[in-house]
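Structural overview
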Amino acid sequence: MEALGALMDGFATALTPINIMWSMVGVTLGTLIGILPGIGPALTIALLLPVTRTLDPTGAFIMFAGLYYGAMYGSSTTSILLNTPGESGSIVTALEGNQMARRGRGAAALATAAIGSFIAGTIGTLLLTFLAPQFVKLAILFGPAEYFALMVLAFMTVTTLLGASVTRGMTSLMIGLAFGLAGTDILTGQPRLVFGIPSMLRGIDTVVVAVGLFAVGEALYMASRRDLREAVILPIQGSLFMTREEWRRSWKPWLRGTAIGFPFGALPAGGTEIPTFLSYFMEKKLAKNPEEFGKGAIEGVAGPEAANNAAVAGVLVPLLALGLPTSATAAILLAAFEQYNLQPGPQLFSASGTLVWALIASLYIGNVMLLVLNLPLAGVWVRLLAIPQPLLYGGILVFSTLGVYSLSNSTFDLVLLFIVGIIGFLMRRHDFPVAPAIIGLILGPMAEAQFRRALTISQGDATVFFTHPISLALLLIALAVVVVPVILRRVLRRVPV
Amino acid sequence: MSVAGLLIGLGLIAIAAIIAIDVSGMRVPPVHAKVGPRFFPLLVSSGLALAGAAVVWQAWRRTFDEDLPPATDWFAVAVIAAGLILHMNLLRPVGFVPAAMVLFMSVTFAFGSRSFLRDGAVALVLALVAYLGFTRLLGLQLPAGLLQGII
């Protein structure tokens with residue numbers, strides 16, 4: 001129960017006026033960018049990094065976490081009323097949510113999404129509170145070889161589970177790893193892939209790559225698709241107070257969504273998308289009236305919306321306890337920790353305990369704020385959807401270039417941003433997932449460092465990765481993640497349908 | 001055969017080759033010979049080359065772009081690209097506010113807006129607010145350019 005005591009201290013820090021303010025800023029900004037299509041939590045946190053460099057880290061992380069939660073709340077509004085997801089975690093919400101809005105039950109859809117997010121977010125945060133210290137105990141057993149094996153596992157799961165095919169996932173990962181190679185080698189101090197350009201000695205900044213792939217690539221792609229330009233915003237109809245019938249049909253999907261979302265977020269499987277899809281199909285299977293699915297079944301909104309919020313809480317467990325990001329946003333958060341010279345993992349809990357527990361406590365507070373912000377004020381936020389698309393993307397690019405330039409007042413970073421943006425556009429156009437590239441970019445240099453450290457300790461003996469039991473187990477799971485789906489597909493193909 | 005897929009695959013192989021060539025030119029001190037700074041880049045280079053080969057193979061067998069978007073507005077892409085290039089070249093000489101306005105207008109134009117007056121007004125207000133907010137409140141350095149001494 002030591003977690004409980006630590007959490008109470010966390011509340012004491014999180015409830016100071018200044019930290020309440022940061023939480024408020026985070027959840028408000030999160031809801032805003034969640035609602036706006038084309039701008040997500042990973043991009044926003046990346047853009048905030050140069051601005052928050054001088055800020056107190058506790059306040060900054062309270063804001064970032066609120067932003068991540070808030071984006072999940074806000075994005076459901078866009079899915080329901082506009083039929084385009086505000087974030088990738090709300091893609092399935094659009095299926096039933098938009099149908100509900102078309103049939104005059106938009107308010108009920110928004111309500112079940114917000115209340116489900118609150119319940120899932122709170123349960124998820126509770127699980128985080130008690131599981132993170134357990135993970136830390138595990139992490140203490142980890143040496144460089146184990147960390148390297150863990151990263152290999154993360155690489156394999158994100159590449160196989162995200163995107164259309166393993167080839168595309170692998171390509172994206174390799175692009176990210178390649179970006180991470182450039183700069184001064186950490187151990188020998190030698191320039192690597194610098195091509196004689198002095199500005200390249202610092203390496204390619206995470207912010208440049210994230211903003212290039214997410215903002216510039218996305219803007220170029222959206223501009224190239226004339227057919228995606230016009231969207232119909234539906235008005236909120238009906239009562240925000242759900243009927244007894246709607247409550248009865250929602251509560252089980254909320255709990256089931258939470259049960260699916262949290263573990264998937266904590267696994268290195270790329271965050272919020274997969275659990276929302278799983279939750280949707282589960283609700284469809286379990287529904288008493290499956291014929292209603294596709295025509296506005298409230299279960300199809302309640303389940304996935306709970307799942308994506310629970311997944312965000314799940315993502316924070318390996319991020320805080322092991323320093324392992326399992327989604328693009330978590331990868332950017334890891335870059336934020338690096339900016340403050342903080343190393344997530346056991347040391348973070350022992351050396352910066354105040355920060356961690358204030359951060360976790362702020363999640364409980366943020367969830368309450370978000371419920372208030374999203375339920376009664378839904379009508380206010382909807383006005384944001386009326387921003388014409390040209391102005392929205394114009395604004396996104398102005399702030400993106402501003403953020404990238406202010407990293408180090410260098411126009412060379414703008415050149416890099418342009419190149420990465422073109423790559424991001426091609427990736428979007430040809431269906432390559434972006435998240436593996438972000439995770440590869442951030443984990444790549446860490447994986448290399450752990451790999452070389454492990455081999456230095458073993459004096460060049462490469463068998464260390466296979467003789468340490470934890471490392472061997474992780475590598476075998478990584479292998480299974482790649483091989484099992486291929487075998488399954490072969491076997492299934494042979495069975496006549 | 002998908003031409004775009006073929007080009008993407010060959011592009012990946014070219015990047016792989018650049019990494020391999022650059023790293024081969026590094027002089028590695030003998031202490032680091034075993035697990036030096038070359039090993040990981042060569043691993044990534046092989047991975048990229050393999051991925052590129054797989055994409056070329058898929059493009060050849062026409063299994064690469066099975067659900068490519070129906071039509072691509074290349075003109076819009078070119079306009080935004082031009083806006084970004086103009087912006088990075090204008091930023092230092094003319095300053096943040098005019099450069100940001102040029103970028104903003106290129107994006108709104110590419111997205112099909114022809115309300116130049118409205119877009120220009122929004123661009124001006126946005127750029128001015130961003131400039132003042134970031135330089136006065138957050139203490140960042142942005143080039144003032146033409147507006148030096150005025151704002």
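Please read all numbers here as calculations on a predicted model, not as lab measurements.

**Side note on the overall build of chain A**
- When you go through chain A residue by residue, the secondary structure sums to 21 helices and 2 strands.
- A globule of 497 residues ought to have a C-alpha radius of gyration of about 23 Å, and chain A, at 22 Å, matches this closely.
- Along the three orthogonal principal directions, the C-alpha set of chain A runs to about 70 × 60 × 50 Å.
- Long-range pairs, those at least 24 residues apart, make up 79% of the contacts in chain A with a sequence separation of at least 6.
- In the structure as shown, chain A presents an accessible area of about 18300 Å², 68% of it carried by carbon and sulfur atoms.
- Charge centroids of chain A, computed over 29 positive and 24 negative side chains, lie 9 Å from each other.

**Considering helix H9 (residues 206-224) of chain A**
Residue and element names in this part refer to chain A.
- Spanning 19 residues, H9 covers 26 Å between terminal C-alpha atoms, matching the ideal 27 Å at 1.5 Å per step.
- In H9, a bend of some 35° at Gly-212 exceeds every other bend along the element.
- The buried count for H9 comes to 18 of 19 residues, which makes it a mostly enclosed element.
- The distance from a side-chain oxygen at the start of H9 to the backbone nitrogen of Val-207 is 2.9 Å, and the residue carrying that oxygen is Asp-205.

**Quick word on the domain arrangement of chain B**
- Parsing chain B into structural domains produces domain 1 (3-60) and domain 2 (74-147).
- A straight line from the C-alpha centre of domain 1 of chain B to that of domain 2 of chain B covers 37 Å.

**Section: the packing of aromatic side chains**
- Enumeration over the complete set of coordinates arrives at 20 aromatic pairs over all chains.
- Centroid distance Trp-247 of chain A to Trp-254 of chain A: 5.6 Å. Interplanar angle 90°. Geometry classified as edge-to-face.
- The class for Trp-247 of chain A is partly exposed, based on a relative accessible area of 39%.
- Centroid distance Phe-425 of chain A to Trp-74 of chain B: 5.9 Å. Interplanar angle 85°. Geometry classified as edge-to-face. Of this pair, Phe-425 of chain A sits in helix H18 (residues 411-429) while Trp-74 of chain B sits in helix H3 (residues 74-94), on two different chains.
- For Phe-425 of chain A, a relative accessible area of 3% puts it in the buried group.
- The structure contains a cluster of three or more aromatic residues connected by ring pairs, namely Phe-148, Phe-451 and Phe-465 of chain A together with Phe-39 and Phe-40 of chain B.

**Let's talk about the interface of chain A and chain B**
- Taken together, the contact pairs 62 residues of chain A with 67 residues of chain B.
- Across the chain A/chain B interface, buried area totals approximately 5600 Å², and carbon plus sulfur atoms make up 76% of it.
- Joining chain A to chain B, the criterion identifies 1 salt bridge.
- One salt bridge in this structure joins Arg-226 of chain A and Asp-73 of chain B, with 2.9 Å as the shortest N-O distance.
- Run the count over chain A and chain B and you get 8 residue pairs in polar contact (both at pLDDT 80 or more).
- Residue assignment for the side of chain A that touches chain B shows that the elements contributing at least two residues are helix H8 (166-181), strand S2 (191-192), H9, helix H17 (389-408), H18 and helix H19 (435-457) of chain A.

Rules used throughout
- In every chain, residue numbers begin from 1 and rise along the written sequence.
- Going through the entries in the order they are written, you letter the chains from A and number the ligands from 1.
- Where local features are concerned, this predicted model is filtered to residues with pLDDT of at least 70; where side-chain atom pairs are given and counted, the filter is 80 or more; whole-chain, interface and lining totals use all residues.
- With hydrogens and water stripped out, all remaining heavy atoms of the structure feed into the side-chain values.
- Under the DSSP-based scheme used, a helix requires at least four consecutive residues in state H or I and a strand at least two consecutive residues in state E, with every element numbered from the N terminus.
- The atom set for the radius of gyration is the C-alpha atoms, and the globule formula is 2.2 Å times the number of residues raised to the power 0.38.
- What makes two residues a contact is simply this: any of their non-hydrogen atoms within 4.5 Å.
- For accessible areas, the Shrake-Rupley method is used with a probe of radius 1.4 Å. Any residue's cover is judged against the shown protein chains and nothing else.
- We score Asp and Glu as negative and Lys and Arg as positive, and we do not count His or the chain ends.
- Every charge is mapped onto a representative atom, which is NZ of Lys, CZ of Arg, CG of Asp or CD of Glu.
- The span expected for a helix works out to 1.5 Å for each residue beyond the first.
- Two axes are fitted around each residue, one to the seven residues ending there and one to the seven starting there, and the angle between them is reported as the bend at that residue.
- Residue exposure (1.4 Å probe, protein chains only): buried if accessible area is under 20% of the type maximum, exposed if over 50%, otherwise partly exposed.
- For this analysis, a polar contact is any N or O atom pair within 3.5 Å, provided that within protein one partner can donate a hydrogen and the other can accept it, and provided that sequence-adjacent residues contribute only side-chain to side-chain pairs.
- Domain start and end points were adopted from an automatic or database domain assignment.
- When two rings of Phe, Tyr or Trp (its six-membered ring) have centres within 6.5 Å they constitute a pair, described as stacked for plane angles under 30 degrees, edge-to-face for angles over 60, and tilted for the intermediate range.
- A simple way to read buried area is as the amount of 1.4 Å-probe accessible surface that goes missing from two parts once joined, with both sides added.
- Salt bridge, as used here: a side-chain nitrogen of Lys or Arg that lies within 4 Å of a carboxyl oxygen of Asp or Glu.

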